[in-house]
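Structural overview for review
The lines below spell out each chain.
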Amino acid sequence: AVEFIKNHDSELLNLQIQKSNKEVISYAAVPQAGLVEGKRILGIGLTDLSNKKLGIVEATQRAVVDTFNYTKLFLGSFAKLIKGAFTKGENITDSLSGPVGMAVATKDISQKSLSDIAFFAAMISLSLAVFNILPIPALDGGRILFVLSE
């Protein structure tokens with residue numbers, strides 16, 4: 001398969017994938033340039049898209065773990081954003097989105113499933129909560145810091 005893709009790297013490739021239940025799914029793809037220098041590649045990602053039903057205890061545990069992981073992700077991303085601005089002189093406004101960008105993202109996500117919309121709303125809520133708790137004087141985190149320091 002690798003040699004075939006190398007020999008047909010700029011053509012539309014018709015792929016057939018046989019699932020474990022013997023169902024065959026057909027896809028069409030063109031290898032793309034720019035991801036690996038000097039090569040056109042065809043990438044395939046595997047993911048589990050099923051919605052697994054969880055009990056109340058397991059769902060609560062999963063929610064706590066996911067919230068913790070996404071909070072770490074937001075804080076790490078914020079730290080990289082600030083670090084890039086101070087050490088590399090990057091323009092952080094290129095990485096941020098204002099009300100218009102949020103409206104566009106909301107419009108895009110509104111075309112998806114209800115679970116995608118709920119996830120998007122949860123991520124906005126969590127990112128606002130994380131940002132609000134940062135020790136910046138105008139935010140709640142700044143007020144908490146001042147109260148604790150007194």
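Attention in this report is confined to the structure presented alongside it. (Residues numbered from 1 in each chain as written. Predicted model: local features only at pLDDT ≥ 70, side-chain atom pairs only at ≥ 80, totals over all residues. Heavy atoms only, no water.)

Further remarks concern the overall build of the protein. In terms of regular secondary structure, the protein is built from five helices and four strands. Start at the N end of the protein and walk to the C end: the helices and strands fall as α-β-β-β-β-α-α-α-α. When the backbone C-alpha atoms are referred to their principal axes, the protein occupies close to 70 × 50 × 25 Å. A buried classification covers 9% of the 150 residues belonging to the protein. For the protein, the share of sequence-separated contacts (at least 6 apart) that also reach a separation of at least 24 residues comes to 22%. Approximately 12,500 Å² of the protein is accessible, and the part contributed by carbon and sulfur atoms is 62%. Positive and negative charge centroids in the protein, built from 15 and 14 side chains respectively, lie 4 Å apart. (Helix = DSSP H or I, 4+ residues; strand = E, 2+ residues; numbered from the N terminus. Buried < 20%, exposed > 50% of the residue type's maximum accessible area, 1.4 Å probe, protein only. Contact = heavy atoms within 4.5 Å. Areas by Shrake-Rupley, 256 points an atom, 1.4 Å probe, with all protein chains shown as cover. Lys, Arg positive; Asp, Glu negative; His and termini not counted. Charge placed at Lys NZ, Arg CZ, Asp CG, Glu CD.)

Looking at where N14 falls in the secondary structure, it is placed in strand β1 (residues 13-18). Note: C-alpha distance between N14 and I133 (119 residues apart in sequence) is 50 Å. Dropping the residues within four chain positions of it, N14 is found in contact with Y27 and A28.

In short, shape yes, function no, at least from these values alone.
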